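# Structure assessment
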Amino acid sequence: ASAAATIREVIKLNPKNESALFHEAFCHRLDGRYRVAIDNLTKILSLRENMKTKKKSEGEILFNILSDDGNNHIINAPGRLLNDFESTIQLEDEVYSIPTYVIYETRGILFHQGKAFKLALSDLGRAILLNPENSTTYFLRADCYSKLGNYEKAVENLLTAEDKDFEDMFSLLN
């Protein structure tokens, strides 16, 4: 209980603290409060989307004030060449302590546990796009397809999970 209280205090002091929101979501998941956990994970994704929009806007302003050297290279004030405009905006997961695929995967698991299989499919699909090597995600997606009656896609995902060395199906379902 004291860990949860500490996490709540951190969130109260900084409501945008992703790590605290993620850990609070994990605590809610353990307590069976899936809806609250999903809300926390959704808040993290929303914060990231807002950051992307802000960074993109700032980057467009930067892009407009930087000069072109005539070879489609952007030269910033210190003279460093930037071949790719996106490289001026650090939106990749390495700037986050919790990778985006983990958030989608966790929220997908929560939707799955809450029997919201269509929502789970959406998040598990996003997690797979960002990290196609996790066999567990394919297995959970296969289970969602199966529950929704799409057995062909279920088998396809089970085979992919197996190809990626997924072995412990029973521990996930219990």
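Below is a summary of the structure that appears in this document. (Residues numbered from 1 in each chain as written. Predicted model: local features only at pLDDT ≥ 70, side-chain atom pairs only at ≥ 80, totals over all residues. Heavy atoms only, no water.)

### Here's the deal with the overall build of the chain
- A count of helices and strands for the chain gives eight helices and three strands.
- When the helices and strands of the chain are listed from N to C terminus, the series reads α-α-α-β-β-β-α-α-α-α-α.
- Here the chain holds 174 residues, and 35% of them are scored as buried.
- For the chain, the share of sequence-separated contacts (at least 6 apart) that also reach a separation of at least 24 residues comes to 47%.
- Element-wise, carbon and sulfur atoms account for 53% of the exposed surface of the chain, whose accessible area totals about 11000 Å². (Helix = DSSP H or I, 4+ residues; strand = E, 2+ residues; numbered from the N terminus. Buried < 20%, exposed > 50% of the residue type's maximum accessible area, 1.4 Å probe, protein only. Contact = heavy atoms within 4.5 Å. Areas by Shrake-Rupley, 256 points an atom, 1.4 Å probe, with all protein chains shown as cover.)

### Structural notes on unusual backbone geometry
- One non-glycine residue, Lys 115, lies in positive phi territory at about 65°.
- Take Lys 115: it is sitting in the loop between helix H4 (100-113) and helix H5 (117-130).
- According to the relative accessible area criterion, Lys 115 is exposed, its value standing at 62%.
- A positive phi is found at Asp 165, a non-glycine position, where the angle reads about 70°.
- The topology assignment puts Asp 165 in the loop between helix H7 (151-163) and helix H8 (169-173).

### Description of the side chain of His 28
- Tracing the backbone shows His 28 in helix H2 (residues 18-30).
- Look at His 28 and you get buried, because its relative accessible area is 8%.
- Among all residues touching His 28, those that are not within four sequence positions of it are Arg 33, Tyr 34, Val 36, Ala 37 and Asn 40.

### Notes on the nonpolar core
- Judged by nonpolar contacts, the single largest core of 28 residues is most densely connected at Phe 22, Leu 41, Ile 44, Ile 103 and Cys 144.
- At the level of secondary structure, the elements contributing two or more residues to this core comprise helix H1 (2-13), H2, helix H3 (34-65), H4, H5 and helix H6 (135-147).
- Residues contacting Leu 41, with those up to four places away along its chain left out, are Phe 22, Ala 25, Ile 103, Thr 106, Arg 107 and Leu 110.
- Among the nonpolar cores identified, the runner-up in size contains five residues, and Ile 128, Tyr 138, Phe 139 and Ala 161 belong to it. (Core = buried A, V, L, I, M, F, W, Y, C linked by side-chain atoms within 4.5 Å.)

### Some points on the environment of Asn 131
- Take Asn 131: it is sitting in the loop between H5 and H6.
- Asn 131 sits 32 residues away from Pro 99 along the chain, and the two C-alpha atoms are 9.7 Å apart.

### As for the packing of H4 against H6
- At a minimum axis distance of 11 Å, the contact between H4 and H6 shows a crossing angle of 30°. By the angle between their axes, H4 is roughly parallel relative to H6. The two elements H4 and H6 meet at a crossing, and its hand is left-handed. On the side of H4, the interface is formed by Glu 105, Ile 109 and His 112, while H6 contributes Thr 137, Leu 140, Asp 143 and Cys 144.
- Residues of the contact of H4 with H6, tallied by class, amount to three nonpolar, two polar and two charged. (Axes fitted to C-alpha atoms, helices over the stretch in contact; angles between N-to-C directions. Parallel < 35°, antiparallel > 145°, perpendicular 65-115°, else oblique. Left-handed = near helix turned anticlockwise from the far one by under 90°. Nonpolar A, V, L, I, M, F, W, Y, C, P; charged D, E, K, R; others polar.)

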